[in-house]
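Coordinate inspection notes
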Amino acid sequence: MKDLGYLAQDISILHRKYYKDTREAFAKLGLNPTAACVLLTVHEHPDINQNQVAKTLVIDKGLTTREVNKILGLGYLTKTAGTGKTQLLTLTPAGEDVVDQVQTIRRSWWQDRFDQTGIDANSPLIPAIETAVTNIIEVD
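Residues numbered from 1 in each chain as written. Predicted model: local features only at pLDDT ≥ 70, side-chain atom pairs only at ≥ 80, totals over all residues. Heavy atoms only, no water.

Here the focus is the pattern of salt bridges. All chains considered together, the criterion is met by 2 salt bridges. For the salt bridge of Asp21 with Lys17, the shortest nitrogen-to-oxygen distance reads 3.0 Å. Of this pair, Asp21 and Lys17 are both found in helix α1 (residues 5-27), 4 residues apart, which corresponds to roughly one turn of the helix. Residue Glu67 is joined to Lys70 by a salt bridge in which the shortest nitrogen-to-oxygen separation is 3.1 Å. In this pair, Glu67 and Lys70 are both assigned in helix α4 (residues 61-73), 3 residues apart and thus about one turn of the helix distant. By relative accessible area, which is 33% here, Lys70 ends up partly exposed. (Salt bridge = Lys/Arg side-chain N within 4 Å of Asp/Glu carboxyl O. Helix = DSSP H or I, 4+ residues; strand = E, 2+ residues; numbered from the N terminus. Buried < 20%, exposed > 50% of the residue type's maximum accessible area, 1.4 Å probe, protein only.)

Written out as structure tokens, the structure reads:
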């Protein structure tokens, strides 16, 4: 059995390769891979705030702020007043349109990886990774 310590390295390799391979496609939309992830997170969690985005993606709050400001400037997001000082993020109609393209880019990249390796979308690996990620997000 492979040492599980290598799993982090393997996941990191996948992450870097995904970012490298999708950077150009996202750039055509005015995004980078991280901004695309922020956009998808807002799509998946309507009326989320920046701190929640940072926590969900496990990224630095400063990076989240920079990416949100970039996406706001593109007209894909709006901020509305929430409770107290909280600002809620919502996709604009243009943002909804871009989400469809972002999802297609992401889905295609992963489908290519699966097709090349013979991994099936029903692999037990997928729910195992989802469980680990959920645990990380809920605990942190």
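For the rest of this paragraph, the subject is helix α2 (residues 33-44). If you check α2, its first and last C-alpha atoms are 16 Å apart, about what 12 residues at 1.5 Å a residue would give, namely 16 Å. For α2, a buried count of 9 out of 12 residues is recorded, marking the element as mostly surrounded by other parts of the structure. Restricting attention to buried positions, one finds in α2 the residues Pro33, Thr34, Ala35, Ala36, Val38, Leu39, Leu40, Thr41 and Val42. Between a side-chain oxygen at the N-terminus of α2 and the backbone nitrogen of Thr34 the separation is 2.9 Å; the capping residue is Asn32. (Expected span 1.5 Å × (residues − 1). Polar contact = N/O pair within 3.5 Å; in protein donor to acceptor, adjacent residues only side chain to side chain.)

As a further point, take helix α5 (residues 93-117). For α5, with 25 residues, the first-to-last C-alpha span of 37 Å sits near the 36 Å given by 1.5 Å per residue. Every buried residue belonging to α5 is among Gly95, Val98, Val99, Val102, Gln103, Ile105, Trp109, Arg113 and Phe114, and all of these are buried. Immediately beyond the C-terminal end of α5, within one or two residues, lies Gly118, with a positive phi of roughly 80°.

The next subject is the packing of aromatic side chains. What the rule picks out here adds up to 5 aromatic pairs. Note on Tyr18 and Trp109: the rings are 5.2 Å apart at their centroids and 80° apart in plane angle, and the pair reads as edge-to-face. One end of the pair, Tyr18, is in helix α1; the other, Trp109, is in helix α5, and 91 residues separate them in sequence. Here Tyr18 matches Trp109 in class, with each residue buried. With a centroid separation of 6.2 Å and 75° between ring planes, the pair formed by Trp110 and Phe114 is classed as edge-to-face. Of this pair, Trp110 and Phe114 are both found in helix α5, 4 residues apart, which corresponds to roughly one turn of the helix. Since its relative accessible area comes to 32%, Trp110 is described here as partly exposed. Across the ring face of Trp109, the terminal group of Arg113 is positioned such that the distance to the ring centre comes to 4.4 Å. (Phe/Tyr/Trp six-rings, centres within 6.5 Å; stacked < 30°, edge-to-face > 60°. Lys NZ or Arg CZ within 6 Å of the ring centre and 35° of its normal.)

Considering the arrangement of structural elements, one finds Thr92 in the loop between β3 (87-91) and α5. Owing to a relative accessible area of 13%, Thr92 belongs among the buried residues under this scheme. Apart from residues no more than four positions distant in its own chain, Thr92 is found in contact with Gly75, Tyr76, Leu77 and Thr78. (Contact = heavy atoms within 4.5 Å.)

Turning to a nonpolar patch on the surface, a few remarks are in order. On the surface, Leu4, Leu7 and Ile11 cluster together into a nonpolar patch covering about 290 Å² of accessible area. Structurally, Leu7 is set in helix α1. (Patch = residues over 30% accessible without salt bridge, like charges linked within 9 Å, V, L, I, M, F, W, Y side chains within 5 Å. Areas by Shrake-Rupley, 256 points an atom, 1.4 Å probe, with all protein chains shown as cover.)

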